[in-house]
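Listed here are the chains, written in short residue letters.
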Amino acid sequence: MDREFLQRKVSAWLESLDHDGDGVITQTDIDTVDDRALKAFGLVATSTQGKALKAASEKFWKDVAGAADTDRDGRINREEFSQAADSFTPAVQPWIEALVVAADSDGDGQLTGEEYKALMVALGTNVDGGSISTGLSPLSVEEAQRSALEAFADNQPYSPATWTFGKF
Ligand SMILES: [Ca+2]
Ligand SMILES: [Ca+2]
Ligand SMILES: [Ca+2]
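As the structure is a prediction and not an experimental result, all values here were calculated from the model.

## Brief notes about the environment of L139
Then step 1. Along the chain, L139 turns up in strand β2 (residues 139–140).
Then step 2. Sequence spacing of L139 and G113 is 26 residues, and the spatial spacing of their C-alpha atoms is 7.5 Å.

## Quick notes on the confidence of the model for the chain
Then step 1. Averaged over the chain, the pLDDT score is 82; the fraction of residues at 70 or greater is 82%.
Then step 2. Confidence, read as mean pLDDT per element, is least for helix α1 (residues 3–17) in the chain (81) and greatest for helix α3 (residues 48–68) (95).

## Considerations on the nonpolar core
Then step 1. Among the nonpolar cores identified, the biggest contains 39 residues, and L99, A102, A103 and L119 are the most heavily contacted of them.
Then step 2. Taken together, the elements giving at least two residues each to this core come down to α1, α2 (27–41), α3, α5 (85–103), α6 (113–123) and α7 (141–153).
Then step 3. Among the elements that line this core, the one with the most residues is α5, at 11 residues.
Then step 4. In this view, A102 contacts A37, L38, F41, L43, Q49, G50 and L53; residues no more than four positions away in its chain are not counted.

## Here's the deal with α3
Then step 1. With 21 residues, α3 ought to run about 30 Å at 1.5 Å a step, and its terminal C-alpha atoms sit 30 Å apart, in line with that.
Then step 2. By the burial criterion, the buried members of α3 are Q49, L53, A56, S57, F60, W61, V64, A65 and A68. The arc that holds the buried residues of α3, viewed along the axis, is 155 degrees, so those residues lie on one side. In α3, the exposed positions that point more than 90 degrees away from the buried face belong to T48 and K62.
Then step 3. Where α3 is buried, its residues touch α2, α4 (78–83) and α5.

Cut-offs used in this document
- Residues numbered from 1 in each chain as written.
- Chains lettered and ligands numbered in written order.
- Predicted model: local features only at pLDDT ≥ 70, side-chain atom pairs only at ≥ 80, totals over all residues.
- Helix = DSSP H or I, 4+ residues; strand = E, 2+ residues; numbered from the N terminus.
- pLDDT = per-residue confidence, 0-100.
- Core = buried A, V, L, I, M, F, W, Y, C linked by C-beta atoms within 7 Å.
- Buried ≥ 20, exposed ≤ 12 C-beta atoms within 10 Å, placed from the backbone.
- Contact = placed C-beta atoms within 7 Å.
- Expected span 1.5 Å × (residues − 1).
- Arc of directions from axis to C-beta.

In structure tokens form, the structure reads like this:
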């Protein structure tokens, strides 16, 4: 991955994840995504999906902090994030997948356009940027997971072939 490309990625990720805008990623930011998501999906934290989401985000934070937070202060700054950017995509995948499963609040395996938009808002991705081309037709959970990962990893259509998410 070339350096400029990496820096753009890191900036986009930081922007998406840094919900309180203090310039660093902390567990609070991750919790905020979960809280927003559950609210948007009409789920309570004690629901099955809520618990699964929490478990996934805790693992994500542990993996990302373990790889990136080199000074162990509980905050991942831009430099730390850049150094560990390679480990971010595999770490984030299960969490995004859990978010998509939670977004399917009635568990029928499909996300309506509205559910999908709620998911994008919870993730902090730009829903007005044309990244959602699916309109309002329902998406399968698998399609939504793939799409959410792409939207999250790359707000702009930019060398999509650089990003492969393995098992899809
Ligand atoms: Ca923050
Ligand atoms: Ca740190
Ligand atoms: Ca559904």
